[in-house]
2 protein chains.
Amino acid sequence: MPRLIDIARRAGVSEATVSRVLNGRAGVNDQTRQSVLDAARSLGRPMGPEALGGGPTIGVLVPDLDNQVFTAWAERIEAEAFERGASTLVALRARTVEREREILHRLLHAGASALIVISGHHAQQNGPVEHYREVTAAGAPLVLINGVREDLDAAFLSTDDDHAIRSVLTHLQDLGHQRVGLAVGDEHTWPVREKLRAFEDVTAVWAPDPQPVSFTDFSYAGGYEAARDLVGRGVTAIVCGSDVMAAGALEGVRSLGLTVPEDVSVVGYDDVFWAALTNPPLTTVRQAVTSIARAAVRAALAGGEQSRRPARTEVVVRPQLVSRGSTAAAPGTAGDRRAEPDREVESDRGMEPDRGGDGAASMGG
Amino acid sequence: MPRLIDIARRAGVSEATVSRVLNGRAGVNDQTRQSVLDAARSLGRPMGPEALGGGPTIGVLVPDLDNQVFTAWAERIEAEAFERGASTLVALRARTVEREREILHRLLHAGASALIVISGHHAQQNGPVEHYREVTAAGAPLVLINGVREDLDAAFLSTDDDHAIRSVLTHLQDLGHQRVGLAVGDEHTWPVREKLRAFEDVTAVWAPDPQPVSFTDFSYAGGYEAARDLVGRGVTAIVCGSDVMAAGALEGVRSLGLTVPEDVSVVGYDDVFWAALTNPPLTTVRQAVTSIARAAVRAALAGGEQSRRPARTEVVVRPQLVSRGSTAAAPGTAGDRRAEPDREVESDRGMEPDRGGDGAASMGG
């Protein structure tokens, strides 16, 4: 993939002009535009439809679709892009850094003028980021969701894990829980480290002993295993890193002959579609999917506007605790659940779990 | 998009040779290959990576990601393609025929050598298919999931809805139900018509009056509304066209002060991840996601091999009834649930709902 500077030199214009042409912006005369397109083509730069007059394409890389919150993000990103006259192309599962690099190039080759990467290698501690630099050097705005790296000119979007964990722990403390466990996946990933840091910060003042943490993985089986481990270590409440884990935790608690929420409270994370459908319905943290998708699309489409390379930005989006049936007063406490002082705690008893979704017209399989 | 015949004429070779070159097959000498590539380029035919020596790309069009069975298909298609050295690019939600056409061209432009369309306009009764002919005329194998059209040279893959509905009705009849309702979405779509036909066929011999059908949509709200309608018409069991609908039906039944499965049995369709997690867990029809994905990828990658245009094929994949807690003996019957004679009825009481999935290593949100 040729860099902007290579094309600029070949065409004898500035990088900013190259960027304007490749992103289909106005303000470049036809002769200059043509010489930039010729130079870009001769260097093998694929032409996106926006350079040829159509709407832009945003490439989206999604780690997997098993966690329905990623699905929800992909869906909302497409909807937000559509509203702005843009299209999306989605690639799945970059299993290795080499493959992630290949997919990003493939998306650019396919005409994407900007890339949004959800939980890519940027989300892994010390994960390599050189392939992201190739993207920004080529002038394509890069939006990275779930994880911040200091050394990249990209837009970073994350959920405020610190706020989320603090809200959950306040909720559990209000219910009288004094020994709480955290169930998460690989500790070398950004969302886990953020949650862990907040969990340790808050609970450090609860008791002299640290509260237990179980590192398994973000799956049903991982939640099942973590719940059995944490209950064995004496917790009365389990905070999970995803709703899928929490679903497994419900079953893990039950497998020990205990009941949710009477014996053990369970909290999820994400608020996916089915979180309101489990038995009992999950108290969870609702990720602000629409806000994140909108910010991601805005960053993707704005990036190429004025500058030759995207500016570095960071946006942290605040999620919301949703209180349902899987949390209750700790065993042996008075059981009188205090009124929640945190106004962001929303009690969800509605009939419609796909509130805010686009599900009304979905087709049957 | 130039047709194979245009490229063949320009290069002075056969269409079969053009197809071989564009699909990266062996058996064409270098000079001929080069002249085909030159002709294709001069006519504006985008070059997929397989023509340039890399692995092929399969374009996948998914109607939406709200129904998790579509997500599961996209995921499995990617996995099957990956095993065969191919990549996938996914586009979402072709809202109109014009947009579906634009997306298919965009995917071809992005280098896709074959296209898989899930529940596209081919699944709508009398939906236009001219844009599909453009794809096959360009020599790209086309795989259409959920719906068969007589007038297209494509590979058609469908779930055996007839078998599914017959299995469900046998199960309900064994449980003593005599008045059963069907809850589905738009009756002008292929999967609905297939289910309706089987439902009417089987139940025609049950009673002189036809059994009630409620047409709403494939959403939670649609299931809720249909359940209230059907219970009002005296049914003791509701067969839903998707698990999302069935989840709504559970709540719809409850909203009338009735209990599932004691008063009303509810059956879903798809067996998505969370179908085992609802209260009670859903009896449902498990779509053979892996079989369908494998057949789709095989058809996508094989199509261009020998012929200048893909041959017409039809594959119908048989799903499996999974019996869980949302179905039970009809009220007022002996309640002794007969042993299921249908060996395909699988009783699912396992701990792991994501059996067969790829969830173990999924990342947290």
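Look up a bit, the structure's there.
Remember, it's a predicted structure, so these values are computed and weren't measured experimentally. The residue numbering used here restarts from 1 in each chain and proceeds along that chain's sequence as written. Chain A is the first chain written and ligand 1 is the first ligand written, with later ones labelled in order. Restriction of local features to residues with pLDDT of at least 70 applies here, the model being predicted, together with a cutoff of 80 or more for giving and counting side-chain atom pairs; totals for whole chains, interfaces and linings are based on all residues. Just so you know, side-chain values use all the structure's heavy atoms and leave hydrogens and water out.

### Here's the deal with the sheet that holds strand 8 (residues 237–240) of chain A
All names here are of chain A.
No. 1: If you walk across this open sheet you meet the four strands as 7-6-8-9, and the pairing is parallel. Two strands bound the open sheet, and with one partner strand each, they are strand 7 (213–215) and strand 9 (265–267). Neighbour-to-neighbour, the strand axes of this sheet turn through a mean angle of 20°, independent of strand direction.
No. 2: In terms of strand pairing, strand 6 (residues 180–184) meets strand 8 through four bridges, oriented parallel. Pairing of valine 180 across the sheet is with alanine 237, part of strand 8. Strands are labelled as partners when DSSP assigns at least two bridges between them. Each helix is a run of DSSP H or I of at least 4 residues and each strand a run of E of at least 2, with the numbering of both proceeding from the N terminus. Think of each axis as a best-fit line through the C-alpha atoms, taken over the contacting stretch in the case of a helix, with angles from 0 to 180 degrees between the N-to-C directions.

### Some points on the packing of aromatic side chains
No. 1: Put simply, two rings from Phe, Tyr or Trp (the six-membered ring, in Trp's case) pair if the centres are within 6.5 Å, and we call them stacked under 30 degrees between planes, edge-to-face over 60, tilted for the rest. Tallying each qualifying case throughout the model produces six aromatic pairs over all chains.
No. 2: Their ring planes at 80° and their centres at 6.4 Å tell us that A:Tyr220 and B:Phe273 sit as a pair that is edge-to-face. In this pair, A:Tyr220 sits in helix 9 (residues 220–232) while B:Phe273 sits in the loop between strand 9 (265–267) and strand 10 (284–286), so the two residues belong to two different chains. Summarising the burial analysis for this pair, A:Tyr220 and B:Phe273 share the class buried.
No. 3: Cluster of aromatic residues (ring-pair linked, three or more members): A:Tyr220, A:Trp274 and B:Phe273.
No. 4: Positioned over the ring face of A:Tyr269 is A:Lys195, at 4.2 Å from the centre of the ring. Between buried and exposed lies partly exposed: a residue is buried under 20% and exposed over 50% of the maximum accessible area for its type, with that area taken using a 1.4 Å probe on protein chains only. In this analysis the charged atom, NZ for Lys or CZ for Arg, is taken to sit over a ring once it is within 6 Å of the ring centre and within 35 degrees of the ring normal.

### Some thoughts on the pairing of strand 3 (residues 112–118) of chain A
Residues and elements named next belong to chain A.
No. 1: Within strand 3, seven of the seven residues are buried, which leaves the element mostly enclosed by the surrounding structure.
No. 2: Across five bridges, the pairing between strand 1 (residues 57–62) and strand 3 is parallel. Bridge pairing in strand 3 links isoleucine 58 to alanine 114.

### Regarding helix 6 (residues 130–137) of chain A
All names here are of chain A.
No. 1: For helix 6, the full list of buried residues reads His131, Tyr132, Val135 and Thr136. Angularly, the buried residues of helix 6 cover 145° about the axis, an arc narrow enough to put them on a single face.
No. 2: Of the surrounding elements, those touching the buried residues of helix 6 are helix 5 (97–109), strand 3 and strand 4 (142–145).
No. 3: Phi turns positive one or two residues past the end of helix 6, at glycine 139, with a value near 90°. Think of it as the arc spanned by the lines of direction from the helix axis to the C-beta atoms. Two residues qualify as a contact provided that any one of their heavy atoms is within 4.5 Å of a heavy atom in the partner residue.

### Re the interface of chain B and chain A
No. 1: Across the contact, 66 residues belong to chain B and 66 residues belong to chain A.
No. 2: Any carboxyl oxygen of Asp or Glu that lies within 4 Å of a side-chain nitrogen of Lys or Arg is treated as forming a salt bridge with it. Inspection of the region where chain B meets chain A yields six salt bridges.
No. 3: B:Glu78 is the salt-bridge partner of A:Arg93, the closest N and O atoms lying 3.0 Å from each other.
No. 4: Here a polar contact is taken to be a pair of N or O atoms separated by no more than 3.5 Å, where protein atoms must pair a possible hydrogen donor with a possible acceptor and residues adjacent in sequence count only if both atoms sit in side chains. The tally of links between chain B and chain A comes to nine residue pairs in polar contact (both at pLDDT 80 or more).
No. 5: Put simply, the parts of the chain that give the side of chain B that touches chain A at least two residues each are helix 4 (68–83), strand 2 (87–92), helix 5 (97–109), helix 9 (220–232) and helix 10 (243–255) of chain B.
No. 6: With 10 residues, helix 4 of chain B is the single largest residue contributor to the side of chain B that touches chain A.
No. 7: Split into classes, the residues belonging to the side of chain B that touches chain A amount to 32 nonpolar, 19 polar and 15 charged. Under the grouping applied here, Gly and all other residues not named as nonpolar or charged are polar, the nonpolar ones being Ala, Val, Leu, Ile, Met, Phe, Trp, Tyr, Cys and Pro and the charged ones Asp, Glu, Lys and Arg.

### Re the environment of A:Arg228
All names here are of chain A.
No. 1: Take arginine 228: it is sitting in helix 9.
No. 2: Of the residues examined, arginine 228 reaches a relative accessible area of 37% and is grouped as partly exposed.
No. 3: In this structure the C-alpha to C-alpha distance between arginine 228 and proline 141, which are 87 residues apart in sequence, comes to 44 Å.
No. 4: For arginine 228, the contacting residues outside a window of four places in its chain are Gly252, Ser255 and Leu256.
No. 5: At a separation of 2.7 Å, a polar atom in the side chain of arginine 228 contacts the side chain of serine 255.

### A few points about the pairing of strand 8 of chain A
Residue and element names in this part refer to chain A.
No. 1: Neither face of strand 8 is exposed, since Ala237 and Val239 on one face and Ile238 and Cys240 on the opposite face are all buried.
No. 2: One ladder, built from three bridges, connects strand 8 with strand 9; its direction is parallel. From the neighbouring strand, valine 239 faces strand 9, where its bridge partner is valine 267.
No. 3: With the strands aimed away from the viewer, a crossover counts as right-handed if its path from the first strand over the helix to the second runs clockwise. For the crossover from strand 8 across helix 10 (residues 243–255) to strand 9, the handedness is right-handed.

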